[in-house]
Each structure stands twice: as structure tokens, then as C-alpha cells.
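Next come the chains, spelled out residue by residue.
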Amino acid sequence: MGKLLFWVFVIVAALLVARIAARSAVKGHRRESRRADASRFPADGMVRCAHCGIHLPPSEAVRRKGYNYCSLAHSLKGPGK
Ligand SMILES: [Zn+2]
């Protein structure tokens, strides 16, 4: 009986480890492909934050005094670093 419990525990632990490994692999792959997308994505059709210089879609930009910003915080800080 003790031996059976031991094997049940070993199998459950193995499944758990496999699941965690698979999940982290998927997460790593997603992060990798997102980074690839960002570097591949052309700057055309994107606007540049006047404060920090990152590019973002116009729909996500904050416009203030004729400048585009990535966030409200940067729009308040104004253009330049
Ligand atoms: Zn910014």
C-alpha cells in the first residue's frame, strides 16, 4: 500500500513538473515572438512619444499640444528626455 502511494505521488509530481515546464516554455516563446514582432514592426503608421521616443500605435497615443506621448505621465513631462 505504501509503495502504491509512493508511485501515485511520483506520477502526480511528474505531471505537475511537466505542466509547469510546458507553461513556462509557452510563456518564453510568446515573449520571444512579441519581441520579434516589435523589432519587425515598421515605424510607419506609428507615432513616436515626444518624451521617451518609443513608437506606439496612434490609437494608444496621448496627444497634447501637438505632440504624441506614450502615456499621460509623459504628456505631463513634455517633449525631450
Ligand atoms: Zn514616453
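Being a predicted model, the structure only gives us computed values, none of them experimental.

So, how was this worked out
Residues numbered from 1 in each chain as written. Predicted model: local features only at pLDDT ≥ 70, side-chain atom pairs only at ≥ 80, totals over all residues. Heavy atoms only, no water. Helix = DSSP H or I, 4+ residues; strand = E, 2+ residues; numbered from the N terminus. Buried < 20%, exposed > 50% of the residue type's maximum accessible area, 1.4 Å probe, protein only. Contact = heavy atoms within 4.5 Å. Areas by Shrake-Rupley, 256 points an atom, 1.4 Å probe, with all protein chains shown as cover. Core = buried A, V, L, I, M, F, W, Y, C linked by side-chain atoms within 4.5 Å. Donors = N, O, S within 2.8 Å, 3.2 Å for Na, K, Ca; no water. Tetrahedral: all angles 85-135°; square planar, octahedral: opposite > 155°, others 65-115°. Patch = residues over 30% accessible without salt bridge, like charges linked within 9 Å, V, L, I, M, F, W, Y side chains within 5 Å. Salt bridge = Lys/Arg side-chain N within 4 Å of Asp/Glu carboxyl O.

For this particular structure, what's the right way to read the overall build of the chain?
Counting secondary structure elements, the chain contains two helices and four strands. Its helices and strands taken in sequence order, the chain reads α-β-β-β-β-α from the N to the C terminus. Considering the chain as a whole, with its 81 residues, one finds that 15% of them fall into the buried category. Nonlocal contacts in the chain, meaning residues at least 24 apart in sequence, comprise 17% of its contacts between residues at least 6 apart. On the chain, roughly 6800 Å² of surface is accessible, and the fraction owed to carbon and sulfur atoms is 64%.

I would appreciate a short explanation of the nonpolar core in the present structure.
Where a protein is soluble and globular, its nonpolar side chains tend to be buried together. Residues V47, C49, A50, L56, A61 and Y69 constitute the largest nonpolar core, which totals six residues. The contact partners of C49, leaving out residues within four places of it in the chain, are I54, L56, N68, Y69, C70 and H74.

What exactly am I supposed to notice about the coordination of the zinc ion here?
Geometry sets the ideal angles at a metal, namely 109.5 degrees for four tetrahedral donors and 90 or 180 degrees for six octahedral donors. For the zinc ion, the full set of protein donor atoms is C49 (SG), C52 (SG), C70 (SG) and H74 (ND1), at a range of 1.9 to 2.3 Å. Taken together, the four donor atoms surrounding the zinc ion define angles of 97 to 121 degrees at the centre, an arrangement classified as tetrahedral. Within one chain, the residues donating to the zinc ion are spaced in sequence as C-x2-C-x17-C-x3-H. Here the residue C52 occupies a position in the loop between β1 (47-48) and β2 (55-56), and C70 occupies one in the loop between β4 (67-69) and α2 (72-77), the gap between them amounting to 18 residues. Among the residues examined, C52 registers a relative accessible area of 26% and is labelled partly exposed. Judged by relative accessible area, which is 23%, C70 ranks as partly exposed.

Explain a nonpolar patch on the surface to me, please; I cannot follow it from the model alone.
There is a patch of nonpolar side chains on the surface, built from F6, W7, I11 and L15 and spanning about 460 Å² of accessible area. Turning to its location among the elements, F6 is positioned in helix α1 (residues 2-40).

In this structure, what is going on with the side chain of S75? I would like to understand it.
Within the secondary structure, S75 sits in helix α2. By relative accessible area, S75 is classed as buried at 1%. Apart from the residues lying within four places of it in its own chain, the contact partners of S75 are V62, R64 and Y69.

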